[in-house]
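Chain by chain, the residues run as shown.
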Amino acid sequence: MEAAASPRRILVAIKRVVDYNVRIRVKPDGSGVVLDGVKLSINPFDAIAIEEALRIKERGRADEVVVATIGPADCQATLRNALAMGAQRALHVVADSPLEPLATARVLLKLVEREQPFLVILGKQAIDDDNNQTGQMLAALWNRPQATFASKVELSETKALVTREVDAGLETLEVDLPAVITTDLRLNEPRFVKLPEIMKAKTKPLATIPLSEVGSAGTPRIKVVRTEPPPGRQRGILVKDAAELFAELHKRGLV
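In what follows, the accompanying structure is described.

Reading the values: the criteria
Residues numbered from 1 in each chain as written. Predicted model: local features only at pLDDT ≥ 70, side-chain atom pairs only at ≥ 80, totals over all residues. Heavy atoms only, no water. Helix = DSSP H or I, 4+ residues; strand = E, 2+ residues; numbered from the N terminus. Buried < 20%, exposed > 50% of the residue type's maximum accessible area, 1.4 Å probe, protein only. Polar contact = N/O pair within 3.5 Å; in protein donor to acceptor, adjacent residues only side chain to side chain. Contact = heavy atoms within 4.5 Å. Salt bridge = Lys/Arg side-chain N within 4 Å of Asp/Glu carboxyl O. Pairing = 2+ DSSP bridges. Axes fitted to C-alpha atoms, helices over the stretch in contact; angles between N-to-C directions.

**Structural notes on the side chain of Q125**
For Q125, the location among the structural elements is in the loop between β6 (119–123) and α4 (134–142). For Q125, a relative accessible area of 18% puts it in the buried group. A polar contact is formed between the side chain of Q125 and the side chain of D130, at a distance of 2.7 Å. Beyond its immediate stretch of four places on either side in the chain, Q125 contacts N43, F45, D130 and N132.

In structure tokens, the structure reads:
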């Protein structure tokens with residue numbers, strides 16, 4: 001009797017961030033930003049990654065979509081939102097403090113080794129720190145190809161054809177699978193989650209994994225000394241016509 005083939009699995013790594021519609025406020029002592037009572041959501045680029053994984057599954061190119069995140073206990077609400085979008089399972093690596101990109105990539109590598117996905121998708125960057133490093137570091141640690149800033153993804157049995165935006169226009173890469181893909185804004189528009197899906201998500205499997213089982217926070221390489229809000233915008237002026245605009249710009253040394 002032949003052994004059953006292992007499922008073609010996509011692992012999607014997501015991060016919880018302050019919702020992009022929320023106005024960020026800096027703490028009075030400059031020690032960080034205010035998080036108490038602030039709406040937290042899936043990083044927008046990661047929501048695009050989930051949507052792309054689901055579309056690949058709906059086209060019959062994958063059997064299962066698994067989402068994973070690293071964070072404190074209340075991150076489970078974020079994972080439930082991802083399950084409501086359509087993912088089948090969730091993995092929650094419990095970490096009380098934020099991990100730097102390299103430590104995050106090492107934890108994700110452990111999850112890759114456990115889940116054996118043929119594809120890992122994650123957002124190109126998180127909107128809170130804008131590091132744009134985790135996907136690349138994971139590909140290097142996994143020793144597999146990477147295609148970043150994807151605006152289009154096409155899969156065959158053994159390869160991925162990825163269109164990405166570069167300074168000169170569009171670039172198309174063909175990479176062998178398994179691989180790491182990071183998503184850009186124009187790849188897709190994430191679906192709207194309806195109430196029945198939210199209710200179903202409450203019964204979907206969500207595994208809790210202590211950070212000690214899959215890695216550690218490591219030694220911090222960066223220390224945030226102080227957080228400050230950006231300077232206020234200067235008041236503008238009204239000009240009557242293009243000549244007056246040019247004269248004002250010339251007076252300020254801008255032309």
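**Regarding the pattern of salt bridges**
In total, this model carries 20 salt bridges according to the counting rule given. Between D74 and R16 there is a salt bridge, with its nearest N and O atoms 3.1 Å apart. Here D74, found in the loop between β4 (64–71) and α2 (76–85), pairs with R16, found in strand β2 (residues 16–18); they are 58 residues apart in sequence, far enough to count as distant. Three or more residues joined by partner-sharing salt bridges are found here, namely R9, E64, R89 and E115.

**A short note on the pairing of strand β7 (residues 146–155)**
Two elements, β7 and strand β10 (residues 179–183), share three bridges in a ladder whose sense is parallel. Across the sheet, the residue bridging to A150 is T183, located in β10. Here β7 runs beside strand β8 (residues 159–166); their pairing, made up of five bridges, is antiparallel. Of the residues in β8, the one forming a bridge with V153 is V162.

**Quick word on the environment of A160**
Mapped onto the secondary structure, A160 falls in strand β8. Given the relative accessible area of 1%, A160 is considered buried. Sequence-wise, A160 and K124 are 36 residues apart; in three dimensions their C-alpha atoms are separated by 17 Å. Ignoring any residue separated from it by four or fewer positions in sequence, one finds A160 in contact with E154, L155, L173, E174, V175, L177 and I181.

**Comments concerning the sheet that holds strand β1 (residues 9–13)**
On the basis of which strands lie adjacent, the open sheet formed by nine strands has the order β9-β8-β7-β10-β6-β1-β4-β5-β11 and mixed pairing. Sheet topology places β9 (169–176) and β11 (206–210) at the edges, where each strand pairs with a single neighbour. Strand-to-strand, the axes of this sheet are offset by a mean angle of 35°, without reference to chain direction. With six bridges joining them, β4 and strand β5 (residues 89–94) adopt parallel strand pairing. When the bridges of β5 are listed, V67 appears paired with A90. Against the sheet, helix α3 (residues 101–115) touches β1, β4, β5, β6 and β11, its axis set at about 140° to β5. Its contacts with the sheet put α4 on β6, β7 and β10, and the angle it makes with β10 is roughly 175°.

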